[in-house]
Amino acid sequence: MCRWAAYRGTPLFLEDVVTAPSHSLIAQSHAATHGLTATNGDGFGLAWYGERGDPGLYRDILPAWSDCNLRSLAHQIRSGLFLAHVRASTTGATARSNCHPFAHARWTFMHNGLVGDFDRLERRLEGHLYNRFYALRQGSTDSELLFLLALQMGLARDVHGALSATINLVAAEAAAIGIHPMIRFTAALSDGETLYAVRYATDGKAPSLFAHVGGDGACRLVSEPLDGDSASWTPVPEGSFVSVNSHGFYRRG
């Protein structure tokens, strides 16, 4: 399983989440404590929103702990909304096109989890994509395919509805070929204004998700707390849909 962190609030340097804390995302890339594996070394990625219309994106196949460019970028880039991810692959080769976050226009998306029996479901799910969304597919992961399906399902109009429709489609296709649906989906995504997150699983074993909301309203959503002060981090319950915007933090079950 992967580890990720997302932030929305007063602009800060990415290093305040990615590299500087005692249990930063880079620390989690080789010493995770809440995942199935301690090591998440199959690539990494950053997506951040700044003064331009589209988000910035930097991804590579190196382990996050060994990329000096990542540390330099995190030290220099300041943003009020960003996503960061370290990968432990379940499907798809170690390739830049398979590294999260994925981006299309203003949207960014990253995922921790899996679709069970994806090798048997991939072609069936791809068949639901309109040509214009199928043409956007660059990698071979279940995560990217879920993102493209959600875009097609109307992500720009109704985030919760599009994600629900996507999960329901995967479950229906699994059932159609006699597979018990097994979907673990802890994901973060953004349109550049609102940060969204989901924690859901069909088997009751959704990957971990924690939230920290500061006094200024700034919110960190993370796979694991970034420091030893666990009391300041609130576990997000399974079955939650979270949104963070300029008005605050909201969660629906």
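The text that follows walks through the structure, step by step, so that each part is easy to find.

Let us now look at the sheet that holds strand 8 (residues 195-201). The strand order across the open sheet formed by six strands is 5-6-7-8-12-13, and the pairing between neighbours is antiparallel. Both edges of this open sheet fall to strand 5 (102-104) and strand 13 (248-252), since each of them pairs with a single strand only. When strand polarity is set aside, the average angle formed by the axes of neighbouring strands in this sheet is 15°. Note: strand 7 (residues 183-190) against strand 8, seven bridges, orientation antiparallel. The residue bridging S190 from the neighbouring strand is L195, located in strand 8. Set on the sheet, helix 6 (residues 142-152) makes contact with strand 5, strand 6 (107-115) and strand 7; between it and strand 6 the angle comes to about 125°.

Under the defined criterion, the tally for this structure stands at zero disulfides. Cysteine C68 shares no disulfide, and the gap to the nearest cysteine sulfur, in C99, comes to 17 Å.

The next point concerns the packing of aromatic side chains. Throughout the structure, instances matching the rule amount to six aromatic pairs. Between F109 and F147, the aromatic rings sit 5.2 Å apart at their centres with planes inclined by 5°, giving stacked as the arrangement. A residue pair is termed long-range when its members are at least 10 positions apart, and F109 in strand 6 and F147 in helix 6 qualify at 38 residues. For F109, a relative accessible area of 1% translates into the label buried.

Residues F118, L121, L125 and E126 constitute the buried set of helix 4 (residues 118-126). When helix 4 is viewed along its axis, its buried side chains cluster within an angular range of 125° and face the same direction. Residues of helix 4 that are exposed and angled more than 90 degrees away from the buried face: D119 and R123. The elements touched by buried residues of helix 4 are strand 6, helix 5 (131-134), helix 6 and helix 7 (159-176).

Right, let's get into the pairing of strand 7. Buried residues dominate strand 7, accounting for eight of its eight residues. Residues of strand 7 alternate between two faces, with I183, F185, A187 and L189 on one and R184, T186, A188 and S190 on the opposite face, all of them buried. As defined by bridge partners, strand 6 adjoins strand 7 across eight bridges and the pair is classed as antiparallel. Directly across from F109, in strand 7, lies its bridge partner L189. A loop of four residues connects strand 7 with strand 8, the two strands running antiparallel in sequence, and G192 in this loop sits at a positive phi of about 95°.

In this section: the packing of helix 4 against helix 7. For the pair helix 4 and helix 7, interaxial distance at closest approach is 10 Å and the crossing angle is 120°. Taken together, the axes of helix 4 and helix 7 lie oblique to each other. Along this stretch, helix 4 crosses helix 7, giving a crossing that reads as right-handed. Between helix 4 and helix 7, the residues in contact are L121, R124 and L125 and L169, V170, E173, A174 and A176, respectively. Among the residues making up the contact of helix 4 with helix 7, the classes are represented as six nonpolar, no polar and two charged.

Taken together, seven strands build an open sheet; the order of strands is 3-2-4-1-10-9-11 and the sheet is antiparallel. Edge positions in the open sheet fall to strand 3 (56-60) and strand 11 (234-235), since each of these has one partner strand only. Sheet topology note: the strand 1 (residues 3-13)/strand 4 (residues 78-86) ladder contains eight bridges and is antiparallel. Bridged to F13 within strand 4 is R78.

Calculation rules
- Residues numbered from 1 in each chain as written.
- Predicted model: local features only at pLDDT ≥ 70, side-chain atom pairs only at ≥ 80, totals over all residues.
- Heavy atoms only, no water.
- Pairing = 2+ DSSP bridges.
- Helix = DSSP H or I, 4+ residues; strand = E, 2+ residues; numbered from the N terminus.
- Axes fitted to C-alpha atoms, helices over the stretch in contact; angles between N-to-C directions.
- Contact = heavy atoms within 4.5 Å.
- Disulfide = S-S within 2.5 Å.
- Phe/Tyr/Trp six-rings, centres within 6.5 Å; stacked < 30°, edge-to-face > 60°.
- Buried < 20%, exposed > 50% of the residue type's maximum accessible area, 1.4 Å probe, protein only.
- Arc of directions from axis to C-beta.
- Parallel < 35°, antiparallel > 145°, perpendicular 65-115°, else oblique.
- Left-handed = near helix turned anticlockwise from the far one by under 90°.
- Nonpolar A, V, L, I, M, F, W, Y, C, P; charged D, E, K, R; others polar.

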